[in-house]
Every structure is written in C-alpha cells, then in structure tokens.
Amino acid sequence: MSRFARFFTAPLFIALWLAPAARADAEVTTFTLENGMDVVVIEDNRAPIVTHMVWYRVGAADEPPGKSGIAHYLEHLMFKGTDEIPEGAFSKIVAENGGTDNAFTSWDYTGYFQRIAADRLDIVMRMEADRMRDLVISEAVWQPERDVILEERNTRVENDPSAIFSEQQNAALFLNHPYSVPIIGWRHEIEELTREDALDFYARYYAPNNAILIVAGDVTPDGVRELAEIHYGVISPNPDLPPRVRPQEPPQLSPRRITYSDPRVRQPYVIRTYLAPERDSGAQEEAAALTILARLLGASGITSVFGQRLQVEEGIALSTGAYYRGLGLDDQSFGIYAVPVPGTSLEEAEARLDAAIAAFLEEGPDPEHLERIKTQLRAGEIFARDDQGRLARRYGVALTAGLTVEDVEAWPDILDAVTAEDVMKAAENVFDIRRSVTGWLLTEDAVDGATGEVTQ
Amino acid sequence: MKIFAILTAALLAAVPAVHAQDIVEVRSDGGLTAWLVEEPSIPIVAIEISVRGGASIDPDGQEGVARLTMGLLDEGAGALDATAFSQAEESLGVSLSFGSGRDHATISARMLSENREESLALLRTALMEPRFDEEAIERVRGQILSRIRSDAADPNSLAGQAYRTMAFPDHPYGRPTDGTLESVAALTREDVVAAHRALLVRDRLFIGVVGDISADEVGPMLDALLGDLPTGGPDLPAEVSPILDGGIEVVSFATPQSVALFGQPGIARDDADFYAAFVMNHILGGGGFSSRLTEEVREKRGLTYGVGSYLVNYEQSDVYLGTVASANGRIAEAVEVIAEEWRRMAEEGVSAEDLEKAKRFLTGAYPLRFDSNASIARILVGVQEAGLPITYPVERNSLIEAVTLEDVNRVAAELLQPDALTFVVVGQPEGLPATN
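Residues numbered from 1 in each chain as written. Chains lettered and ligands numbered in written order. Predicted model: local features only at pLDDT ≥ 70, side-chain atom pairs only at ≥ 80, totals over all residues.

Section: the overall build of chain B
Point 1. Helix and strand content of chain B: 16 helices and 13 strands.
Point 2. Over its C-alpha atoms chain B spans a radius of gyration of 23 Å, differing by no more than 12% from the 22 Å that the globule rule assigns to 436 residues.
Point 3. Looking at chain B as a whole, 54% of its 436 residues are labelled buried.
Point 4. Across chain B, contacts joining residues at least 24 apart in sequence account for 83% of those joining residues at least 6 apart. (Helix = DSSP H or I, 4+ residues; strand = E, 2+ residues; numbered from the N terminus. Rg over C-alpha atoms; globule rule 2.2 N^0.38 Å. Buried ≥ 20, exposed ≤ 12 C-beta atoms within 10 Å, placed from the backbone. Contact = placed C-beta atoms within 7 Å.)

Right under this line is the structure:
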C-alpha cells in the first residue's frame, strides 16, 4: 500500500514578518507508488507550466572502481532512445511539444527534467517512464557520445586551471570515500568506458524503487497521482537494488597541503577545505549551524568576518569567502578562501584567514550580524517561492541525500533556531586542521617554473 | 515509434504567454513610464531598470568607467559607508544589483512587500547619492583589474575580444566592457562622478515592475525613486556594420581545447524578415538539442560538448554569431562541418516539416519564459529595449506562426553568407589554415 501525506511548508516567521493572510506558501504533497517510487508534488498555479523531474538515488559516488564517469556517461546516453522512441528523438519530441529538457549528475544523484505546458505532462511522463527500463544504446551512438563527454571534460576542466586545481584538492580531501573522484570522471577512465558499462549501471540502479518523481507547477496532487500510476506505477521494482554503502573516511590525522601551478593562472589564491558533517535526517542542527557559520564568515565581501577584515579593513584581499556543502549522503566539506591583492603573498593571505578564524573563535559572532543573516535566510525562503524549478531541485537534492520531506520542511525553522553558541560549537568541531587540505593555486613562474606540478 | 508519433501529431494550440495580457503601462505624474504586471500571490516585488548607454558611452581613454561606476553604487551612499550600506541591505532582506553591459546600465532589485518603502529608499540613495569613497574605488578597481588579468588568459574571453576587435575596429563596440589594465588604472574619482551623471538619466530609462504592487502605487514609486535623475546624456555611438569578411583568425594560446567564435553580419530587429531569420536560426543552430549544428557537430561526430548560433542585436549593429569548442586536434573538423551547414542552409533551406517543428517549439516554449516575477520583469525591459510595443508578448507567437516556408528559404539564401562566415579560434588548433 502506498502512503499518502499532505501538508504545507512550515510557516516562515509569522509574528514579526508576515501577516498570515499575506502568506502564499508552496503547497507540497507526497506519496509513494506501490512499486516504491516516491512522488513529490509542488503546486504553483500562477502559470500553466510544469516542471517534471525524475531523480535517481545514484550518482558518481556509487560507481564501480575504475569506471569513474559512468553515472554521467549513462545520463548522456539516456537521451539516445528506447524501444519506442527512435534514436536521437527524445529531446526533439519534447521540443516539438514546446518543451525544454535536460539532465544532471552529481555524486549522490542523477536527475532528468522537462519544462513544458502543463497539458503536455502526460507526454513527457510517458517518455520518462519509458526510458526508465527500455533504454536502447546502439553501436552507432556510444562512441561519439563518449567523445562528447571528453570534450565536456575539456570545456569544464582541462581548459580551466582553477577547475584542475579544485579536482586535485577534492581528491586530496577524501582519503577513502569515492567523493574524491570527479563526477565527470578521470580522463583515462572515461576513455575506456563502454556501452556495456553503461547498460550494467543502468540495469542495476534505474528502477522505480530507486527513483523520485517531482512535479512542480500547475497541477493537482490527484492529477499527478493518476498519471504517475499509469506511467510509472506499472514498472516493476528492482528487488536486487544494492544498498548505498560507500567506503567511509578513516580518522583523518594529517593536514595536507597542495600547490598547483599553471601558466594560464593570472590570479593566485588560497583555499582550504575541511571535512564536515552532512545534514542527517532528523538531526540537521549541526549542519544548520555550519550553514550559518559559512554565511557569517564569508557570504559578503563587505559585511562578513573575512570580507570586513581582509578586504575592507586590511585591504589585503580582492575577494574572500566561505561555503558549506551540507547536502549529500556522507561527510561533505566546508571551504574558506582568499584571493590576495597584488603584492600580497599566498602565505600572508592564508595567515590573515587563519587570524580571522582565530579571532572569530575567540569573540564569537556579532549578535546583529547573526540576526541579519537570519533575516536574509527568511527572505530567501519567500523569494524561493518565485522559482518552481528551484523548489523542485531542493526536494530532489535532499531526498537523494537520505533526507525526508519532513526534514526539508523543518530546515527553515532549524536554521532560524541556531544560536551563537551552536555556531561556535560547530566552528570548533569543523576547524580541525588535521581534517583539511590547504591548496595554493599559482602562476607558473611562482614555483621555479614547474609546470602542471601537483604536490601533496 | 508509433505511439509518440501519434502523440505529437495531435497537439493542441500553444498556450498563451502567462500574464502577457496583464502587462499595463503606468505613467507617473512626473512623466516616467514603466510596464507593470501585478502578481500579488507572493509578497515580493521585482524591479528591473535599464538605461540606454552603458559601456558604449565610456569616453575614449576611460574604457571601463561604466562598469566601475555601476559597481560602486552599493559601496556607500548618503550617510552610509560601504559596510553600513550592505548591512542595511541585509537587514531589509532586499537584493540590489547594479551593472553595465555594452549598451545599457542595469539595475535589479527584489524586495519583500513589507519592507518595500525602506528598500526603495535605500535603492534611491544608491542611485542619487553614491559616495564614491576613495577606498571603495580602490577596492572595486582592484577587483576589476584582477578580472581583466584573468580574462587575458581565458580562451573564451580571448575569443570574444579578438572577435570584437576584428568586427568593430573603430567603434566603441570593439573595446572591452571592463576596460583595459591601463584605462582602469587611470580612472579618477572625477571620471566616476562624471560617468554617474552621464549614465543614469531619466530620458533613457526602461522600467519593468512585477509583483505585489498595484498600478496606483507604481507612479508615485517611480517619481520618488527616479524623478530627480537628470535629463540628457552623451551622444550614443553611431550605427556600425561589422567587418566580417570570412576566413579564420587563430589566436595562439596554450590550452588543450580550442574555443571558436564564428559569425557574419546579422539582421536588424525591426527588419520585416527578422522572424523568418529567427526561425531559420532556430533550425540551424539556435535550437539546442534539436539544431542542425548540434546534430552534425555533437551528436553524429562527437566533436564538441556545445555548439550554437545566435542572432545578436546590439543597439547600433546586428551580428549573427556562434560558438563551438573542440580539442585542438579536432577543431578543424568542427569548423569544416559548421561552414558546410552554413552553406547547406543557404543553398537548400529547410523543409516544411523542419519549419513546422521549429514553430511548435518556439510558440510552445515562449510561455515557459514567463515563470517567475524576476524573469517577467527582465522580459518587460528586454521588450522595451528592443523598441517593441507593449502588445508584443501577446502577439509574438502569431508573428512566428505567420512565417512561411518561402520566407524562411528566401531569407536563408539572402542572409547567410557562407563566404563571409568568419572564425576566430583561440588555442593550438591543428590543421587549420589561418587565412587572416
């Protein structure tokens, strides 16, 4: 039997901010089909448009060793055709119906979507359901598509020294977890991927009991349920779906340092990434504190701790920042960076960053600053309702990271409840140099002419 | 095959662009005009403003002053220094952004209904009373100089600049919008103050407002926000025909993947054949996964991750541009295939089926753009910039529908100039004869 739950998003900040009558919260409904496929419906009736998405709970971190890039390669091949959709016709059929489509792959998920007039939902749902089990990859298409991906890697990584550096830094951060492997894959492994590799991966992971349907836009939950049962409900679940268990990080005991130098670099910078806990279902408090910590330290080049000290007061940085990646199945990362002004060394920039953190750990957050950040987060919740695609993605990313719809709904209130003490405790935990990688991106002549050097 | 063929054959008419019929023109007592869509279901307001001029009116030798000036508007205004201004923005939950493109300076604001008055007051301060403190100028100047240095080693930026230099050698469009290391380093506070006076003028405004605000409220809002702006700016640059004579220019740069821009003279936005050209380009290179260039260069041959073409209408010039990127050893083949598709389209045109499919996409997808307050506000301004009437969003699909097969094929033959198709390739391309 499927369960059926219906609820509204949590009120944001009723007392001071918004009269209840002015609220127009996105209405979210969830249910599960009998074959195990989860469904999320987000009603937005402002325009007769719909965003239809299917998210699979599989990504680059689920790839077999030596097959890096296969999740993303399969994502490309999913557009080739099925037993019913002719080769190369998938996106063309969507386009002929006035719709647009695309797909995306990350470490923990792979997603497919179409945006189209609401009265065409039936068509795209039928097509998406068809390629969940009946994908056809002919001999003619798999090699050119692999070339496309090598060119994609050229565009995204090889042509951008900052991306090469980031890939190396990420590989150094994770000692054991497959998050160390780039989503697009290492070039030498992409070059060896085959049609069979893609079909194996597809057969193992693409099934309704490993998928989430998200429909946002001018629809009703009953209407979506009816179509979903027709198109997705008839697909058999995969009883052999493997559990999502990845190798976990051992205790990290040794701080790492890397440098990457490249003649194409014109602006050196220093970035440090720390291993950080992810948002856990039912226990998102530490992640909430880290989210606010990142904003306090680095959300603004002017008002944040780093911006105010390094850019405005000391004038030694052109840009600074801090970020927290909290959404994922396993431990994620917290990053800080500084881009020095000409004449300031990376060593000095790193020292000033460390001094800013030390002072912050001593003094704690300015209460007014903390309040302003919460105000912005609350405002962000209201602005988010103006973007149905973004709302849909929020659910997809969370549900494929092991969170529940309830966790997503609770998140704004959990953020709002974070105290200065919570932030300090989270900061003390995350800023453990033994669990970090400090990276310097350099111009070539800064390191004795060494080219493409990666040290660790 | 059968099922989906039947489905697509039985299409309904495309849905109308939402809110297109709800656009109203509001004229303030002070004589300012805005286009408005009331959308009260979310308590937010999006305001989009553009001012004709932008970087195109940077004085000679002061290239980059529009960018620097607009970038300084939120770096201190009135009684607030840069820090206090940003703090005020954060406290109100308002988002203000300022920039300058080639032809327009731009101002975007989105705010909560309940903080609307305070948010607008803050925006007004930024527009009317920017402080241009020396330390803020130095900070933002440093950021722009860093970007200019980085662009000098970025193949995409290098290709763009090489293309503009070639196409517009004696025109402001040939200059980099960010300016040069020399010009930006030399800008003074007086230059910035003068640019502020020149850029933000009330007789060159285009305004779009979308959200939780009524027509009655918009007029007074406009007068309070913009009514005190001065009138009259420097002359806009003259109209110019791009110099694109064909051939291949190679900019040598050590990187694994060559980046190419290609193009030829374009077609004016108010040309009677614009819509035929627009549909033709969709089929040739504008239509994403469905275009001929994607089919031939990416799908069949795996030569690139992305290839596309675009009709570009600057205020004073029209070009027809495209981009592609392929490994150094494969770019020559990509260039060859693109040139061949250009020629094939010019000579053979499109089929009735091609045209029908393109129309279905273009008319069906247009309403998808009207999906948020922020994007509708940008559309309202874009339509005004193009000099189109307020009824355009309602009529646009019928303009597409009216394009005939004869129109498309005639325009393909007239517009496309395979011999004038000019490539700029940045990288270390192999087997590519540089002809320029």
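Things to note about the overall build of chain A
Point 1. On a plain count of helices and strands, chain A comes out with 15 helices and 13 strands.
Point 2. Counting all 456 residues of chain A, 54% fall into the buried class.

Focus: the sheet that holds strand β1 (residues 24-27) of chain B
Residues and elements named next belong to chain B.
Point 1. The mixed open sheet is built from six strands, whose spatial order is β1-β2-β8-β3-β7-β6. At either end of the open sheet lies a strand with only one pairing partner, and these are β1 and β6 (95-100). For this sheet the average axis-to-axis angle between neighbouring strands, irrespective of direction, equals 20 degrees.
Point 2. Alignment of strand β3 (residues 44-52) against strand β7 (residues 104-112), held across nine bridges, turns out to be antiparallel. Directly across from Val51, in β7, lies its bridge partner Ala105. (Pairing = 2+ DSSP bridges. Axes fitted to C-alpha atoms, helices over the stretch in contact; angles between N-to-C directions.)

Looking at the sheet that holds strand β11 (residues 307-313) of chain B
All names here are of chain B.
Point 1. Sheet architecture is open: five strands sit in the order β9-β13-β10-β12-β11, paired in mixed fashion. Looking at which strands have only one partner, the edges of the open sheet turn out to be β9 (247-252) and β11. Going from strand to strand, the sheet's axes swing by 20 degrees on average, the running direction of each strand aside.
Point 2. Of the strand pairs in this sheet, strand β10 (residues 257-265) and strand β13 (residues 422-427) are connected by five bridges, and their pairing is antiparallel. What sits directly across from Gly263, in β13, is Thr422.
Point 3. Those strands touched by helix α6 (residues 155-167) are β9, β10, β12 (318-327) and β13, and its axis lies near 145 degrees from that of β13.

A few points about the environment of Ala82 of chain B
Point 1. Here Ala82 of chain B lies in helix α3 (residues 82-92).
Point 2. The sequence separation of Ala82 of chain B and Ile248 of chain B amounts to 166 residues, and the corresponding C-alpha distance is 47 Å.
Point 3. Excluding residues within four positions of it along the chain, Ala82 of chain B makes contact with Ile302 and Val312 of chain A together with Glu75, Gly76 and Ala136 of chain B.

Remarks on the interface of chain B and chain A
Point 1. With 65 residues of chain B in contact, the opposing surface of chain A contributes 59 residues.
Point 2. Counting only elements with at least two residues in the side of chain B that touches chain A, the list comes to α1 (2-9), α3, β7, α5 (134-151), α11 (292-300), β12, α13 (352-365) and α14 (373-385) of chain B.
Point 3. Residues that form the side of chain B that touches chain A fall into these classes: 29 nonpolar, 23 polar and 13 charged. (Nonpolar A, V, L, I, M, F, W, Y, C, P; charged D, E, K, R; others polar.)

Topic: the packing of helix α10 (residues 274-286) of chain B against α13 of chain B
All names here are of chain B.
Point 1. One way to put it is that α10 packs onto α13 with a least axis distance of 10 Å and a crossing angle of 100 degrees. Classed by the angle they form, the pair α10 and α13 counts as roughly perpendicular. For the pair α10 and α13, contact is made by Val279, His282 and Ile283 and by Asp354, Leu355, Ala358, Lys359 and Leu362, respectively. (Parallel < 35°, antiparallel > 145°, perpendicular 65-115°, else oblique.)

Some details on the pairing of strand β10 (residues 317-325) of chain A
Point 1. Along β10 of chain A, seven of the nine residues are buried, which leaves the element largely enclosed by surrounding structure.
Point 2. In textbook terms, the turn of a hairpin is the stretch between consecutive antiparallel strands, and for β10 of chain A and strand β11 (residues 332-340) of chain A this stretch comprises six residues.

Observations concerning helix α9 (residues 285-298) of chain A
Point 1. With 14 residues, α9 of chain A should cover 20 Å at 1.5 Å per step; its first-to-last C-alpha distance of 20 Å lies within 8% of that length.
Point 2. The buried count for α9 of chain A comes to 13 of 14 residues, which makes it a mostly enclosed element. (Expected span 1.5 Å × (residues − 1).)

Here's the deal with the confidence of the model for chain A
Residue and element names in this part refer to chain A.
Point 1. Confidence along chain A averages 91 in pLDDT terms, with 92% of residues attaining 70 or more.
Point 2. Here residues 1-24 scores under 50 on pLDDT; set against residues more than four positions off or in separate chains, the count is 41 contacts.
Point 3. Taken as a whole, residues 446-456 scores under 50 in pLDDT and shows 21 contacts with residues more than four places along the chain or in a different chain. (pLDDT = per-residue confidence, 0-100.)

What about the environment of Ala121 of chain B?
Point 1. Structurally, Ala121 of chain B is set in helix α4 (residues 116-128).
Point 2. Remark: the alpha-carbon pair of Ala121 of chain B and Met221 of chain B, spanning 100 residues in sequence, is separated by 9.9 Å.

A look at the environment of Leu127 of chain B
All names here are of chain B.
Point 1. Mapped onto the fold, Leu127 is located in helix α4.
Point 2. Between the C-alpha atoms of Leu127 and Gly78, which are 49 residues apart in sequence, the distance is 10.0 Å.
Point 3. Once residues within four sequence positions are removed from consideration, Leu127 is found in contact with Leu73 and Leu200.

Focus: the packing of α4 of chain B against helix α9 (residues 215-226) of chain B
Residues and elements named next belong to chain B.
Point 1. Put simply, α4 and α9 touch, their axes get as near as 9 Å, and they point 35 degrees apart. Every residue of α9 that contacts α4 at Leu120, Leu123 and Arg124 is listed here: Met221, Ala224 and Leu225.
Point 2. Of the residues contributing to the contact of α4 with α9, the split by class is five nonpolar, no polar and one charged.

Examining unusual backbone geometry
Point 1. You will see that Phe132 of chain B, though not glycine, has its phi angle at about 50 degrees, which is positive.
Point 2. Summarising the element assignment, Phe132 of chain B is placed in the loop between α4 and α5.

Focus: the nonpolar core
Point 1. Membership of the largest hydrophobic core comes to 276 residues, with the highest contact counts inside it found for Ala260 and Val279 of chain B.
Point 2. Top contributing element to this core by residue count: α9 of chain A, with nine residues.
Point 3. Residues contacting Val279 of chain B, with those up to four places away along its chain left out, are Leu355, Ala358, Lys359, Leu362, Ile400, Val403 and Val408 of chain B. (Core = buried A, V, L, I, M, F, W, Y, C linked by C-beta atoms within 7 Å.)

Examining the pairing of strand β5 (residues 100-105) of chain A
Residue and element names in this part refer to chain A.
Point 1. Inspection of the sheet shows β5 paired to strand β6 (residues 110-117) by six bridges, in the antiparallel sense. Bridge pairing in β6 places Asn102 opposite Phe113.
Point 2. Once β5 ends, the chain turns through four residues before running back antiparallel as β6.

Quick notes on the confidence of the model for chain B
Point 1. Per-residue confidence for chain B gives a mean pLDDT of 94, with 95% of residues at or over 70.
Point 2. On the interface metric, ipTM, the complex scores 0.93, and its pTM is 0.92.

Notes on α10 of chain B
Residues and elements named next belong to chain B.
Point 1. Taking 1.5 Å as the rise per residue, α10 with 13 residues should run 18 Å; its terminal C-alpha atoms sit only 14 Å apart, a clear shortfall.
Point 2. Of all the bends found along α10, the most pronounced is centred on Met280 and spans about 25 degrees.
Point 3. The buried fraction of α10 amounts to eleven of the 13 residues, a majority that puts the element mostly inside the structure.
Point 4. For α10, the full list of buried residues reads Ala276, Ala277, Phe278, Val279, Met280, Asn281, His282, Ile283, Leu284, Gly285 and Gly286.
Point 5. Looking one or two residues beyond α10, the residue adopting positive phi is Gly288, at roughly 55 degrees. (Bend = angle between axes of the 7 residues up to and from the residue.)

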